[in-house]
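Survey of secondary and tertiary structure
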Amino acid sequence: MSAAAPPLVEATGLSKIFAAHGVFRRGRPVQAVRRVDVSVARGEALGVVGESGSGKSTLGRLLLGLQPATEGVIRFDGQPLDATMPKAEWRRLRRRMQIVFQDPFGSLDPRRRIGAQIADGLAIHDLVPAAERAGRVEELLRQVGLDPAHAQRFPHEFSGGQRQRIGIARALATEPEFLVADEPVSALDVSIQAQVVALMDDLRRRLGLALLFISHDLPVVRHLCDRVVVMYLGRIMEEGSVETVFRAPAHPYTRALLSATPRIDPTRRAKRILLQGDPPSPSNPPSGCAFRTRCAHATAACAEVVPELRPLGGERQVACIRAEEIA
Amino acid sequence: MRPGTKRLWVPAGLVALIVLLALLAPLLGLPDPVRQDVAQRLAGPMPGSPLGRDEFGRDVLSRLIWGARSSLAVAFASASIACLFGTILGLLGGWFRGLGEFLAVRSMDIVLCFPPVLLALLVVTLLGPGAGTLIMVLSVLYLPGFVRVTYAEVLSARSHDYVEAVRALGASAGRILTRTVLPNVAGPILVQFSLAVASAVVLESGLSFLGLGVVPPAPSWGLMIRGARATMAQAPLLLLWPCLALTLTILAMNLLCDALRDAMDPRTATARPRLRLLDRVLPGLVPPAPNAEAPEAVLEVGGLTVEIATPRGPIRPVEDVSFAVHAGETLAIVGESGSGKSVTATSVMGLLPPAARPVAGAAWLEGRDLLRLPEPELRRLRGGAMAMVFQDPMSSLNPVHRVGDQIAEAIRAHRRGVTQAQAWSRAVDLLRRVGIADPERRARAYPHEMSGGMRQRVMIAMAVANEPKLLIADEPTTALDVTVQAQILDLLAELRRETGMALIFITHSLGVVAEIADRVVVMYAGQVVEQGSVPEVFGAPLHPYTRALLAAVPDGDAAPAGIPGVVPQPHAFPVGCRFAARCPHARPACEAAPPALEGAGEGRTVRCIRWAEIGAEKAEAVA
């Protein structure tokens, strides 16, 4: 990753606050993403890891413009994404960025044949003349390792792993440059998971895709991605190359997360850092450092100011005021 | 053809017959329905008039068929108009929200405020009776139903990922609404249509009966009932015919729409298995197997086979499964979805769904065979000597009771003479024991006020409330975050050490097995393929499936390797080894006959005819 090349997708100061619902707006607003800076270069795979409520899925949808950001700027290939952009402009950009969902059952329309669903993108953007669409669909199915003859089948006739391949084929139909994969293998069995991860790895290298891979499964991110962002309660805790972050995590939360991941090989098992309690609610985050309520190293200073993401040697950034002390 | 379409024939034929009769009325050579013949007044069945004559001597059969024309025309026209406009309004309101939503939905609420018959009466009185007025009134009356149904369906459909996916493809709102949302909300709209047509037929008859609908002498079912009422004493049959026609039409309409909805949904291709009464009354079990030589085992399962009756014939999701678990031991049952691990656990607990039943084998707990115990005795054991923790704590806890009450209830169900106060204080102790801070206050909380990890702790507290000998945990951490999963695994291990209970841990995660279990049973396609102590099985797997499964987990530096192919469906289990089709070591012999579970050293079994051979090959390759 040369620092010189401008990133394909770049977000600065990105925030998303979901307003409370109801007539009286009694609930507190949920701060899903808070002042996040993130960028993905062409051909780069960026992993986003975190637990439920960390805002990682919201971040993916914000970058695609599927949800409007409350604050901050997103640039795609240098062009700012803006809700007031003309519709035609939006459609042109939509073609260049796609999404793959987690749930292989909910992400396909149960009432339409899969061939028609894959062809949707071709038809919407008029990429391929109608007569040649069937051929292109077959080609896409073959690309994701499915039998092209199955284009006339309905989603319920496929297994979970096959449906996920169909979802990938649908996303690839518009020949995107940027792909957001939102927990694409979390609902799959391990033996199938490895197949789909291998497929995504192969496709992104062959097609030169920029990939934002959202997952709570750290080992998968380690194998698939170049860089990783660790999120907690809507904020980035640590960011860096997969090598550095996984070998020597600098943030106490990254360490806890890594040590909590069950390992098969007993010699690799790290000393378990057992976090106390549950993550706080994103509607009522703690003051200062979001992680301080569960952190073994927290001091009074941690409650006072929100730690900025700061460089910590090499290509790594960390949001912890005590990173050097506790290393 | 799909089974759904078969159900369509009878109601479709019936409706087609009624509609055809009405349409073809002029061609049937019927007597003129309005020609009076006072001489034949109230005559019974006679040649040329099989159903007799009415109070003006008009032919009843002819009036019935001609009456269907006006009744059905009014009903279909008004329901169609309401359906068209209602669906459009509902789609727009549900999709665009904001002002459109307000106008579409709130204006309908105003229409709903008027009692329907009163509104109809008012309009008809103002505009004068007649079919045109009726159609207009009925369309307005049925409009809110369609708007509300469509609106609600659109709201739920737009939260689905597949709608989001089409949005991400850059589709315009019109395309999304017509291609994606409309087909998925069509089912409930069709049902609403059937209800509207049926009720319009009734309302049309009612208004005609009151003299506010179809104008005499034109035939209509309502008018016929009105006429027959006056002469009810002399000719009661006259009342019967129009009523019969009404009932039949409405019934046929409703049946047709139900069948249509099922047939249009590609997902209902497989009908639900029907429960055979015989299976419930006489579970076809073989005589109990003798208790094997391991008397100290808390639970011993031998040769367990479960059969489920499906439309495609019986399937066996679990076949010949044997294992034992001892006091203070953790046994993990690991396998992918469809391996039969959960079915194994639920059959031990006696919680199989009605369509499934154990057909062979035994499960011994404290000298009793759980598979043959009558339900009342099983109930005493469940939550007593054996307890279970499920994957989803939210759906396993009762949302309307405080968690403390639920735990106290579990205690009192198994111990007579325990007062509510004693049970409550024990519940608080248990909550403290499972690591819930401030248990006195938390015991008063409702399940929805707790986080997922905390709810799972409550479930565990409830399960261990009566000091069970055996605890079965079915994927208890799958729905939890890793940091919370680590807490729950620690808690279970600690409880097991303290109480000496046997723990069966069902999971798909090999990492979790390695962390928590002493011994492991690896299942594939309903069978045990390998069994042994965790360090041995994970350190030196004997079965090719176990080896492939371990290689598929991303752990360490090697890239995870997927297993080609998919798990075979229970309908199509191969005769020979069930893993052969995906196995790199498969030989023709593997597919010829089912492999037996062989002993392979101390406490170790494997179901592979080539395990020794493969092991030797591997050793050679290393050397």
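Residues numbered from 1 in each chain as written. Chains lettered and ligands numbered in written order. Predicted model: local features only at pLDDT ≥ 70, side-chain atom pairs only at ≥ 80, totals over all residues.

Another aspect to go through is the overall build of chain A. Looking only at helices and strands, chain A has 10 helices and 12 strands in total. Here the C-alpha radius of gyration of chain A, 21 Å, is about what a compact globule of 327 residues would show, namely 20 Å. Viewed in the frame of its principal axes, chain A has a C-alpha envelope of about 70 × 50 × 45 Å. Taking all 327 residues of chain A together, the buried fraction comes to 49%. Restricting the contact set of chain A to residue pairs at least 6 apart, pairs at least 24 apart contribute 65%. (Helix = DSSP H or I, 4+ residues; strand = E, 2+ residues; numbered from the N terminus. Rg over C-alpha atoms; globule rule 2.2 N^0.38 Å. Buried ≥ 20, exposed ≤ 12 C-beta atoms within 10 Å, placed from the backbone. Contact = placed C-beta atoms within 7 Å.)

Assigned secondary structure in chain B consists of 24 helices and 12 strands. In terms of overall size, chain B is more extended than a compact globule, its C-alpha atoms giving a radius of gyration of 34 Å where 623 residues would be expected to give roughly 25 Å. By its C-alpha atoms, chain B is 105 × 65 × 60 Å across when sized along the principal axes. Within chain B, buried positions represent 42% of all 623 residues.

Take the interface of chain B and chain A next. Between chain B and chain A, the contact holds 52 residues from the first and 54 residues from the second. Of all the elements in the fold, those that place two or more residues in the side of chain B that touches chain A are α7 (161-168), α8 (173-209), α18 (452-463), α19 (482-499), α20 (510-516) and α22 (544-552) of chain B. The residue inventory of the side of chain B that touches chain A, partitioned by class, reads 27 nonpolar, 15 polar and 10 charged. (Nonpolar A, V, L, I, M, F, W, Y, C, P; charged D, E, K, R; others polar.)

Our focus in this paragraph is the sheet that holds strand β1 (residues 9-18) of chain A. All names here are of chain A. Strand order in this open sheet of four strands is β2-β1-β4-β5, and the pairing throughout is antiparallel. Two strands lie at the open edges of the sheet, namely β2 (30-40) and β5 (79-80), each paired on one side alone. Sheet topology places strand β4 (residues 71-76) next to β5; two bridges connect them, and they run antiparallel. Looking at β5, one finds that Phe-76 is bridged to Gln-79. (Pairing = 2+ DSSP bridges.)

What follows deals with α8(B). All names here are of chain B. For α8, built from 37 residues, the straight-helix expectation of 54 Å at 1.5 Å per residue is missed by more than 12%, its first-to-last C-alpha distance being only 46 Å. At Leu-182, α8 is bent by approximately 55°, the largest bend along its length, and proline Pro-183 sits one to four residues beyond. Looking one or two residues past α8, Gly-211 carries a phi angle of roughly 85°, positive in sign. (Expected span 1.5 Å × (residues − 1). Bend = angle between axes of the 7 residues up to and from the residue.)

Residues and elements named next belong to chain B. Its domain assignment divides chain B into domain 1 (58-267), domain 2 (297-516) and domain 3 (523-622). Of note, the centres of domain 2 and domain 3, computed from C-alpha atoms alone, are 29 Å apart. Across the boundary between the two partners, domain 2 contributes 21 residues, which contact 16 residues of domain 3. For the side of domain 2 that touches domain 3, the secondary structure elements donating two or more residues are β2 (313-326) and α20. A per-element tally of the side of domain 2 that touches domain 3 places β2 first, with nine residues. In terms of residue class, the side of domain 2 that touches domain 3 is built from nine nonpolar, six polar and six charged. (Domains from an automatic or database assignment.)

We now examine the domain arrangement of chain A. All names here are of chain A. When its domains are assigned, chain A resolves into domain 1 (9-225) and domain 2 (245-327). Placing a centre on the C-alpha atoms of domain 1 and another on those of domain 2 gives a separation of 28 Å. Counting from both sides, the interface comprises 11 residues of domain 1 and, opposite them, nine residues of domain 2. Here the side of domain 1 that touches domain 2 is built from residues that sort into five nonpolar, three polar and three charged.

Within the element layout of this structure, A:Arg247 appears in helix α8 (residues 242-247). With 11 residues separating them in the primary sequence, A:Arg247 and A:Leu258 have C-alpha atoms 9.9 Å apart.

Moving on, we come to the packing of α7(B) against α8(B). Packed helices, taken two at a time, are described by the angle their axes make and the gap between the axes. Residue and element names in this part refer to chain B. In contact at an axis separation of 11 Å, α7 and α8 are set at 150° when each is read in the N-to-C sense. Considering the angle they form, α7 stands roughly antiparallel to α8. Both α7 and α8 take part in a crossing whose hand is right-handed. Each of Tyr-162, Val-163, Val-166 and Arg-167 in α7 lies in contact with α8, whose residues at this interface are Ile-176, Thr-180 and Val-181. (Axes fitted to C-alpha atoms, helices over the stretch in contact; angles between N-to-C directions. Parallel < 35°, antiparallel > 145°, perpendicular 65-115°, else oblique. Left-handed = near helix turned anticlockwise from the far one by under 90°.)

The next thing to look at is the sheet that holds strand β11 (residues 598-599) of chain B. Residues and elements named next belong to chain B. Taken together, eight strands build an open sheet; the order of strands is β6-β7-β8-β3-β9-β10-β12-β11 and the sheet is mixed. Two strands in the sheet have a free side with no partner beyond their single neighbour: β6 (386-389) and β11. Relative to strand β8 (residues 502-507), strand β7 (residues 470-474) runs parallel, the two being bridged by five bridges. Within β8, the position partnered with Ala-473 by the bridge is Phe-505.

So, on to the pairing of strand β10 (residues 235-241) of chain A. Consecutive side chains of a regular strand alternate in pointing toward one face of the sheet and then the other. Residues and elements named next belong to chain A. Across the seven residues of β10, six count as buried, placing the element largely inside the fold. Bridge count between strand β9 (residues 227-232) and β10: six bridges; the pairing is antiparallel. Note on β10: the bridge partner recorded for Tyr-232 is Arg-235. With antiparallel pairing between neighbouring strands as the criterion, β9 and β10 make up a hairpin whose turn holds two residues, including Leu-233 at a positive phi of roughly 50°. Judged from the two bridges that link them, β10 and strand β12 (residues 317-318) form a sheet pairing that is antiparallel. Among the inter-strand pairings, Glu-238 is bridged to a residue of β12, identified as Val-318.

In this section: the packing of helix α3 (residues 60-96) of chain B against helix α4 (residues 98-113) of chain B. Residue and element names in this part refer to chain B. Packing of α3 against α4 brings their axes to within 7 Å, and their N-to-C directions diverge by 145°. For the crossing formed where α3 meets α4, the hand is left-handed. Residue-level contacts link Leu-89, Gly-90, Leu-92, Gly-93 and Phe-96 of α3 to Gly-98, Gly-100, Glu-101, Ala-104 and Val-105 of α4. Tallied by class, the residues present in the contact of α3 with α4 amount to five nonpolar, four polar and one charged.

Here we come to the environment of B:Arg442. Residues and elements named next belong to chain B. For Arg-442, the position within the fold is in helix α17 (residues 439-442). A C-alpha to C-alpha distance of 7.8 Å links Arg-442 and Gly-404, two positions 38 residues apart in sequence. Non-local contacts of Arg-442, meaning those with residues more than four positions away in its chain, are made with Leu-431 and Ile-436.

Residue and element names in this part refer to chain B. Of all six residues in β8, six are buried; the element is thus mostly enclosed. Of the two faces of β8, the one carrying Ala-502, Ile-504 and Ile-506 and the one carrying Leu-503, Phe-505 and Thr-507 are both buried. The sheet contact formed by strand β3 (residues 330-334) and β8 spans five bridges and is parallel. Bridging across to β8, Ile-333 finds its partner in Ile-506. Taken together, β7, α19 and β8 form a β-α-β motif whose crossover is right-handed. (Right-handed = clockwise from strand over helix to strand, strands pointing away.)

With that settled, the discussion passes to unusual backbone geometry. The phi torsion of most residues other than glycine is negative, and most of the peptide bonds are trans. In this model, A:Leu233 sits at a positive phi of 50°, which is unusual for a non-glycine residue. Mapped onto the elements, A:Leu233 comes out in the loop between β9 and β10. For B:Glu467, which is not glycine, the phi dihedral falls at a positive 45°. Its place among the elements puts B:Glu467 in the loop between α18 and β7.

Moving on: the confidence of the model for chain B. Residues and elements named next belong to chain B. Confidence along chain B averages 84 in pLDDT terms, with 94% of residues attaining 70 or more. The low-confidence segment residues 269-292, where pLDDT is below 50, has 34 contacts with residues more than four positions distant or belonging to other chains. If you check the scores for this complex, the pTM reads 0.80 and the ipTM reads 0.85. (pLDDT = per-residue confidence, 0-100.)

Residues and elements named next belong to chain B. You can see Glu-153 is positioned in helix α6 (residues 131-157). Along the chain, Glu-153 and Gly-90 lie 63 residues apart, while their C-alpha atoms are 8.9 Å from each other. Aside from chain neighbours lying at most four places away, what touches Glu-153 is Val-185 and Pro-188.

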